[in-house]
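Below, each chain spelled out in residue letters.
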Amino acid sequence: MENQIEWAVLEHSRWTLYVAKTSKGLCYVGSPGQSFKDFQAYLKKRFPGAVLHENPDSLAPYLQELQGYFSGNRTLFSLPIDVKGTPFQEEIWQALREIPYGQTVSYSDIAVRIQRPAAVRAVGAAIGANPVMISVPCHRVVGKNGAMTGYRGGLELKTFLLELEKAHKENAHTPGSPSVERN
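Scoring rules and cut-offs
Residues numbered from 1 in each chain as written. Predicted model: local features only at pLDDT ≥ 70, side-chain atom pairs only at ≥ 80, totals over all residues. Heavy atoms only, no water. Helix = DSSP H or I, 4+ residues; strand = E, 2+ residues; numbered from the N terminus. Buried < 20%, exposed > 50% of the residue type's maximum accessible area, 1.4 Å probe, protein only. Contact = heavy atoms within 4.5 Å. Areas by Shrake-Rupley, 256 points an atom, 1.4 Å probe, with all protein chains shown as cover. Lys, Arg positive; Asp, Glu negative; His and termini not counted. Charge placed at Lys NZ, Arg CZ, Asp CG, Glu CD. Pairing = 2+ DSSP bridges. Axes fitted to C-alpha atoms, helices over the stretch in contact; angles between N-to-C directions. 1 Å grid on protein atoms, 1.4 Å probe; cavity = no way out; pocket = protein on both sides within 12 Å on 5 of 7 lines; lining within 4 Å. Points joined across faces, edges and corners; volume = space filled by probe spheres on them. Nonpolar A, V, L, I, M, F, W, Y, C, P; charged D, E, K, R; others polar. Arc of directions from axis to C-beta. pLDDT = per-residue confidence, 0-100.

Observations regarding the overall build of the protein
No. 1: Broken down by element type, the protein carries six helices and six strands.
No. 2: Overall, the protein is about 45 × 40 × 30 Å in size when its C-alpha atoms are taken along their principal axes.
No. 3: Looking at the protein as a whole, 49% of its 183 residues qualify as buried.
No. 4: For the protein, the share of sequence-separated contacts (at least 6 apart) that also reach a separation of at least 24 residues comes to 60%.
No. 5: Carbon together with sulfur atoms contributes 53% to the accessible area of the protein, which is approximately 9,300 Å² in total.
No. 6: Looking at the protein, you have 20 positive and 17 negative side-chain charges, and the mean spots of the two groups are 6 Å apart.

Here is the structure:
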């Protein structure tokens, strides 16, 4: 069914996240503490007319990739994503996907990368609208002075993700590591 969105719950030792996909790929990774009602409202707004269907089996490959990432055994995501935004947002989300594992950049670095150095606030807004956090690594963007700044998942999760990547960064470049190339 084309207008069906399948979803499941990702249980991590510290967080519970709602995860959803369309027939084309991962379309949403929720925030810790998000209610089911807010999750449902978000998806219905982004996908009007879509029918939500809980299907952990269908989401299993995505949940496995996310769990592998949380455990430090995965540095890249290989499964397809289905994100739609404005052309500007999509440009920003693509730039986020190019930030290497274990590295951070500033909002102004992203603005310069897309050749719009004066668009720092718009870059921040586009990053905040990223529907598939973690898979599209918006957590790797920090303030110009290196300070932790806003994150839809909360600063506790952002700090956790950055510390996780820092701790496992050496393994990310080791031949034979469990990293997976993105299509």
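Some thoughts on the sheet that holds strand β4 (residues 51-54)
No. 1: Taken together, four strands build an open sheet; the order of strands is β3-β2-β1-β4 and the sheet is mixed. Either end of the sheet is taken by a strand with one partner, and the two such strands are β3 (26-29) and β4. The mean inter-strand angle of the sheet, taken between neighbouring strand axes irrespective of direction, is 30 degrees.
No. 2: In the sheet, strand β1 (residues 4-11) pairs with strand β2 (residues 16-21) via six bridges, with the strands oriented antiparallel. Note on β2: the bridge partner recorded for E6 is K21.
No. 3: Relative to the sheet, helix α2 (residues 56-70) contacts β1, β2, β3 and β4, its axis offset from that of β1 by approximately 40 degrees.

Overview of unusual backbone geometry
No. 1: Of note in this structure, Q115 is not a glycine but carries a positive phi near 65 degrees.
No. 2: Tracing the chain through its elements places Q115 in the loop between α4 (107-113) and α5 (120-128).
No. 3: For Q115, a relative accessible area of 70% translates into the label exposed.
No. 4: Its identity as a non-glycine residue notwithstanding, I134 has a phi of 80 degrees, on the positive side.
No. 5: Considering the arrangement of structural elements, one finds I134 in the loop between α5 and β6 (141-142).

Details of empty space enclosed by the protein
No. 1: Under the defined criterion, the tally for this structure stands at one cavity of 30 Å³ or more.
No. 2: Approximately 40 Å³ is the volume found for the largest cavity.
No. 3: Every residue along the wall of the largest cavity is listed here: L26, Y62, E65, L66, F77, L79, P80, I81 and S135.
No. 4: Sort the elements by how many residues they give to the lining of the largest cavity and α2 lands first, with three residues.
No. 5: Grouping the constituent residues of the lining of the largest cavity by class yields seven nonpolar, one polar and one charged.

Re the pairing of β2
No. 1: Of all six residues making up β2, five are buried, and the element is well covered by its neighbours.
No. 2: A loop of four residues connects β2 with β3, the two strands running antiparallel in sequence, and G25 in this loop sits at a positive phi of about 150 degrees.

Considerations on α5
Counting along an α-helix, one turn takes 3.6 residues, and residues three or four places apart therefore face a common direction.
No. 1: Considered for burial, the residues of α5 that qualify are V123, A126 and I127. For α5, the angular spread of the buried residues around the axis is 100 degrees, confining them to a single face. Facing away from the buried surface of α5 by more than 90 degrees, the exposed residues are R121 and A125.
No. 2: Among the structural elements, α3 (87-97), α4 and β6 are those in contact with the buried residues of α5.

Some thoughts on the confidence of the model for the protein
No. 1: Model confidence for the protein is summarised by a mean pLDDT of 89, while 91% of its residues fall at 70 or above.
No. 2: pLDDT under 50 marks residues 173-183. Its contacts with residues more than four places away, or in other chains, come to 16 contacts.

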